[in-house]
Amino acid sequence: MFTLAHLTDVHLAPLPRVRLGELAGKRLIGFQSWLFRRRYIHQRAIADAVRDDILAAGVDHIALTGDLINISAAAEYAPALAWLESLGPPDRVSFVPGNHDAYVATPWDKSLGQWAAYMAGDLKLADAAEPRPGLFPYVRQRRNVALIGLSSALPQPVGYATGRLGDRQIAAAAAILRERRKRGFCRSVLIHHPPAPGLTAPRKELLDARDFAAMLKEEGAELVLFGHTHLDHRLELSSRTGPVHLVGLAAASANGACAKPAADWCRFAIRRQEGRWRMSALRRRYHPETGGLADETGFELTCG
């Protein structure tokens, strides 16, 4: 039995003091969105409550699928790293970036590079090498589970929150999925944007979702975890090797305002039984009236 926790879209609050010179273009629009709307939805106390609930569950590993911060301001990265560290050490927490983590073009070492240890594959953890955007996907093997991290995050124009994997990353992911299946691993893919077409508005979608979904249909995967929509999703994609389960969650700091669900996280208990991968999943939801989380939905997933 291997237990995996999934959370997404922390949008860590409060937004720290932003340098005036950073407030131009898309960052200015994002700052205004935070000031007039998003700060009334995303609350640090809720993100901390979700974190504490996960830690209390004593899971084997934690997957965080992007949007840890808000407008990629310089002052956001260090507090976000501290929050990541409070969630767990790099060998226990796997992270993939979202569009808000790469809101505008910023040098790697001044932005996502500060979180590099949480995006390093097993070989890189040993020597603390820094993965750069071109080195996704990464792979982490935890007992009989392979965690495959993809980056769909790239700066986009004002008004757009789309993502893209690109041909090279999709081809690399296909090779990894094929090889890990032959070796008998349960393959869990981490991505920020919804991995199939039609799950969000065109201006927010994964631009090569059709290509990615076609690859999944060919190579298969047991589990694909994602975020971005701030909604709960549970879908099944048919593949040549059996069903691919796609699971998305609400934002991990959301208070349930603005017609979006309150924060949640999901626990997956993964086991091999009668020659097939089986997962018992449990979704836990934040309740504003109590300030805590409680069991909401349990479901069983069976893979090929």
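None of these values were measured; they are calculated from a predicted model.

1. Thoughts on the layout of surface pockets
Then, number 1: When its volume is computed, the largest pocket comes out at roughly 660 Å³.
Then, number 2: Arg37, Arg38, His100, Arg203 and Lys204 are the residues nearest the centre of the largest pocket, which is lined by 35 residues in total.
Then, number 3: Class assignment of the residues belonging to the lining of the largest pocket gives a composition of 15 nonpolar, twelve polar and eight charged.

2. A short note on empty space enclosed by the protein
Then, number 1: Counted by the stated rule, this structure contains one cavity of 30 Å³ or more.
Then, number 2: Taken as a whole, the largest cavity holds about 30 Å³ of empty space.
Then, number 3: Taken together, the residues of the lining of the largest cavity sort by class into five nonpolar, two polar and one charged.

3. Details of the sheet that holds strand β1 (residues 2-7)
One key point about sheets: their strands pair by backbone hydrogen bonds, in either a parallel or an antiparallel sense.
Then, number 1: A sheet is described by the order of its strands in space; here six strands give the open sequence β3-β2-β1-β10-β11-β12, paired in mixed fashion. Of all strands in the sheet, those with a lone pairing partner are β3 (93-95) and β12 (292-302), marking the two edges. Sheet twist, expressed as the mean angle between neighbouring strand axes with direction ignored, is 20°.
Then, number 2: Here β1 pairs with strand β10 (residues 264-273) via five bridges, running antiparallel. Residue pairing across strands places threonine 3 opposite alanine 269, the latter belonging to β10.
Then, number 3: Lying over the sheet, helix α2 (residues 44-57) contacts β1, β2 (61-64), β10, β11 (276-287) and β12, oriented at roughly 25° with respect to β10.

4. A word on the pattern of salt bridges
Then, number 1: Counted according to the given criterion, the structure contains 20 salt bridges.
Then, number 2: One salt bridge connects arginine 183 with glutamate 179, and the closest N-O pair in it is separated by 3.0 Å.
Then, number 3: Among the residues examined, glutamate 179 registers a relative accessible area of 28% and is labelled partly exposed.
Then, number 4: Glutamate 300 is the partner of arginine 271 in a salt bridge, and the nearest nitrogen-oxygen pair spans 3.8 Å. Linking arginine 271 in strand β10 with glutamate 300 in strand β12, this pair joins segments that are 29 residues apart in sequence.
Then, number 5: Residue classification places arginine 271 among the partly exposed positions, given a relative accessible area of 21%.
Then, number 6: Glutamate 300 sits in the exposed class, given a relative accessible area of 53%.
Then, number 7: Through salt bridges with shared partners, a single ionic network connects Asp232, Asp264, Arg283, Arg285 and Glu296.

Reading the values: rules and limits
Numbers given for residues are sequential positions, taken from 1 along each chain in its written order. Restriction of local features to residues with pLDDT of at least 70 applies here, the model being predicted, together with a cutoff of 80 or more for giving and counting side-chain atom pairs; totals for whole chains, interfaces and linings are based on all residues. Side-chain descriptors were evaluated using all non-hydrogen atoms of the structure, hydrogens and water having been removed beforehand. Here a cavity means grid points, on a 1 Å grid over the protein atoms only, where a 1.4 Å probe fits yet cannot get out; a pocket means an open set of points with protein on both sides within 12 Å along at least five of seven lines; lining residues are those with an atom within 4 Å of a point. Grid points are joined across faces, edges and corners, and a volume is the space filled by probe spheres set on the points. Only Asp, Glu, Lys and Arg are considered charged in this grouping, and only Ala, Val, Leu, Ile, Met, Phe, Trp, Tyr, Cys and Pro are considered nonpolar; every other residue, Gly among them, is considered polar. When DSSP finds two or more bridges between two strands, those strands count as paired. Strands here mean DSSP runs of E at least two residues long; helices mean DSSP runs of H or I at least four residues long; both are numbered from the N terminus. Lines fitted to C-alpha atoms define the axes here, with helix axes fitted over just the stretch in contact, and angles between the N-to-C directions of these axes take values from 0 to 180 degrees. Contact definition: two residues touch when any of their heavy atoms are within 4.5 Å. The term salt bridge refers to a pairing of a side-chain nitrogen on Lys or Arg with a carboxyl oxygen on Asp or Glu at a separation within 4 Å. Summary of the burial criterion: residues with accessible area below 20% of their type's maximum are buried, those above 50% are exposed, and those between are partly exposed, where the area comes from a 1.4 Å probe applied to protein chains only.

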